[in-house]
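Observations on the three-dimensional arrangement
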Amino acid sequence: MSDKEKKQGTNISRRNFLKGVGTGTVAATVVPSVLIGSEQAAEAQEGGAISSATIQLNINEKSYEVEVEARTTLLTVLRDGMDTSGNNVDLTGAKLICDRGECGGCTVMVDGQTVYACMMLAMDAQGKKITTIEGLANGDDLHPVQDAFIQHDALMCGFCTPGFVVSSAALLNENKTPSLDEIKDGLSGNTCRCGTYPFIFDAVKTASRKM
Ligand code: FES
Ligand code: FES
């Protein structure tokens, strides 16, 4: 966690945390995009040299032009990327935790499907609609899942929370009234080391009633 994030963590309210930094779930189990198999990335690495390209990404209904290497992941662009005008992308809600498609902390939606952003090449995200935790709220109106996470106190350290919130929102987009088993199955791609699962499941139930 950067110093900036640590400072924010001491000052922001739980509501703001959930709005921009913090909560999520999955309608279907998170399906990681695979790092290999991208024709464009393979072409870009032809001859063994890692080359770069300027690409357009649609993130939270905003277009970003970014220069990436063939190996650059979507998560790297979100968290550390800079557009060609020199502005930071600065979407740090999705977390880099395991960096290997196991924890779900980096979950985002790509064309409505949950994806581990640490496992998807930025080049493969071109032409797709990317939604991060920052794109769920409508202005000051939190997404029902975010509201429900607050209501049920469904986080402790909060590091896993953005991934759980995004996964939960995706789950409810596909299944408005999931059973407890369906919620557990839908969120099985996300891990919480603090063990807040019962509160998260209750929050998804509450959000489903609102949605
Ligand atoms: S950081 Fe991507 S799945 Fe863990
Ligand atoms: S709230 Fe700490 S890892 Fe989930």
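Reading the values: rules and limits
- Residues numbered from 1 in each chain as written.
- Chains lettered and ligands numbered in written order.
- Predicted model: local features only at pLDDT ≥ 70, side-chain atom pairs only at ≥ 80, totals over all residues.
- Heavy atoms only, no water.
- pLDDT = per-residue confidence, 0-100.
- Contact = heavy atoms within 4.5 Å.
- Pairing = 2+ DSSP bridges.
- Helix = DSSP H or I, 4+ residues; strand = E, 2+ residues; numbered from the N terminus.
- Axes fitted to C-alpha atoms, helices over the stretch in contact; angles between N-to-C directions.
- Salt bridge = Lys/Arg side-chain N within 4 Å of Asp/Glu carboxyl O.
- Buried < 20%, exposed > 50% of the residue type's maximum accessible area, 1.4 Å probe, protein only.
- Core = buried A, V, L, I, M, F, W, Y, C linked by side-chain atoms within 4.5 Å.

Notes on the confidence of the model for the chain
Mean pLDDT over the chain stands at 85; residues scoring 70 or higher make up 76%. Every residue in residues 21-37 is under pLDDT 50, and counting partners more than four places away or in other chains gives 83 contacts.

Notes on the sheet that holds strand S1 (residues 52-59)
Taken in spatial order, the five strands line up as S2-S1-S5-S3-S4 in an open sheet, and their pairing is mixed. Every interior strand has two partners, whereas the edge strands, strand S2 (62-69) and strand S4 (113-116), have only one. Here the average twist between neighbouring strands, direction ignored, is 40°. Relative to S4, strand S3 (residues 107-110) runs antiparallel, the two being bridged by four bridges. Within S4, the residue paired with valine 108 across the bridge is valine 115. Contacts from helix H6 (residues 161-174) reach S3 and S4, with the element oriented near 35° to S3.

Observations concerning the pattern of salt bridges
The full count for this structure, using the stated rule, is two salt bridges. Between glutamate 61 and lysine 129 there is a salt bridge whose closest N-O contact spans 3.9 Å. On the criterion of sequence distance, the pair formed by glutamate 61 in the loop between S1 and S2 and lysine 129 in strand S5 (residues 129-131) is long-range, its members being 68 residues apart. For lysine 129, a relative accessible area of 42% corresponds to the partly exposed category. Residue arginine 71 pairs with glutamate 69 through a salt bridge whose shortest N-O separation is 2.5 Å. On the basis of relative accessible area, arginine 71 is assigned to the exposed category, the value being 52%.

Some details on the nonpolar core
Counting 27 residues, the largest nonpolar core has Leu57, Ile59, Val66 and Leu74 as the members making the most contacts within it. With four residues, the top contributor of residues to this core is helix H4 (residues 74-80). Setting aside its immediate chain neighbours within four residues, valine 66 contacts Ala53, Thr54, Ile55, Leu57, Val77, Met82, Asp83, Thr84 and Val89. Counting 23 residues, the second-largest nonpolar core is a separate cluster that includes Val145, Phe149, Ala154 and Phe164.

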